[in-house]
Amino acid sequence: MKLPNVYANKIDKDIKNNTEFVYNEITTHKNIGDLKKEFDHNGYVNRLNVLITTKDGSKNEKLILCKDNYFVNINNEKIYFDDIIDYQIKK
């Protein structure tokens, strides 16, 4: 069986199709350990006022509880550590 003829165009420009494109999400997470230090040994604090920037946007939160992988605000909503991008403690 004979193979078909192959026609190849002459390429006179530089083709950069082997370049790898990587689209990274925002990975500049601030150290959550510094925020955890504000809580006592049981994980409680008296309404810590924090401006939290998450993947969904910025929120002004009053945190009351710290668990293994999330905070709980005064409205009993969980804020997971993985979702927090930046925070600022308001005094």
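These numbers were taken from a predicted model, which means no experiment stands behind them.

Moving on, we get to the pattern of salt bridges. Scanning all chains against the criterion turns up one salt bridge. Two residues, D34 and K37, come together in a salt bridge whose shortest N-O distance is 3.9 Å.

So, about the sheet that holds strand β1 (residues 44-54). The sheet built from five strands is open, its strands ordered β4-β3-β2-β1-β5 with antiparallel pairing. Single-partner strands in this sheet number two, and they are β4 (78-80) and β5 (84-89). Strand after strand, the sheet turns through a mean of 50° between neighbouring axes, direction not considered. Relative to β4, strand β3 (residues 70-73) runs antiparallel, the two being bridged by three bridges. Within the sheet, the bridge partner assigned to Y70 lies in β4 and is Y80.

This brings us to the environment of I74. Within the secondary structure layout, I74 lies in the loop between β3 and β4. Classification of I74 as partly exposed rests on a relative accessible area of 44%. Sequence separation between I74 and E61 is 13 residues, and the spatial gap between their C-alpha atoms is 7.8 Å. When near neighbours in sequence (up to four residues on either side) are disregarded, I74 contacts R47, K62 and I64.

Our focus in this paragraph is the nonpolar core. Counting 13 residues, the largest nonpolar core has L35, F39, V50, I52, L63, F71 and I84 as the members making the most contacts within it. Counting residues per element, the ones that place at least two in this core are α1 (32-36), β1, β2 (57-66) and β5. Per-element accounting of this core gives the leading share, three residues, to β1. Ignoring any residue separated from it by four or fewer positions in sequence, one finds V50 in contact with L35, K59, N60, E61, L63, Y87, Q88, I89 and K90.

What counts and how
Residues numbered from 1 in each chain as written. Predicted model: local features only at pLDDT ≥ 70, side-chain atom pairs only at ≥ 80, totals over all residues. Heavy atoms only, no water. Salt bridge = Lys/Arg side-chain N within 4 Å of Asp/Glu carboxyl O. Pairing = 2+ DSSP bridges. Helix = DSSP H or I, 4+ residues; strand = E, 2+ residues; numbered from the N terminus. Axes fitted to C-alpha atoms, helices over the stretch in contact; angles between N-to-C directions. Buried < 20%, exposed > 50% of the residue type's maximum accessible area, 1.4 Å probe, protein only. Contact = heavy atoms within 4.5 Å. Core = buried A, V, L, I, M, F, W, Y, C linked by side-chain atoms within 4.5 Å.

Such coordinate-based values are descriptive only and should not be taken to indicate function.
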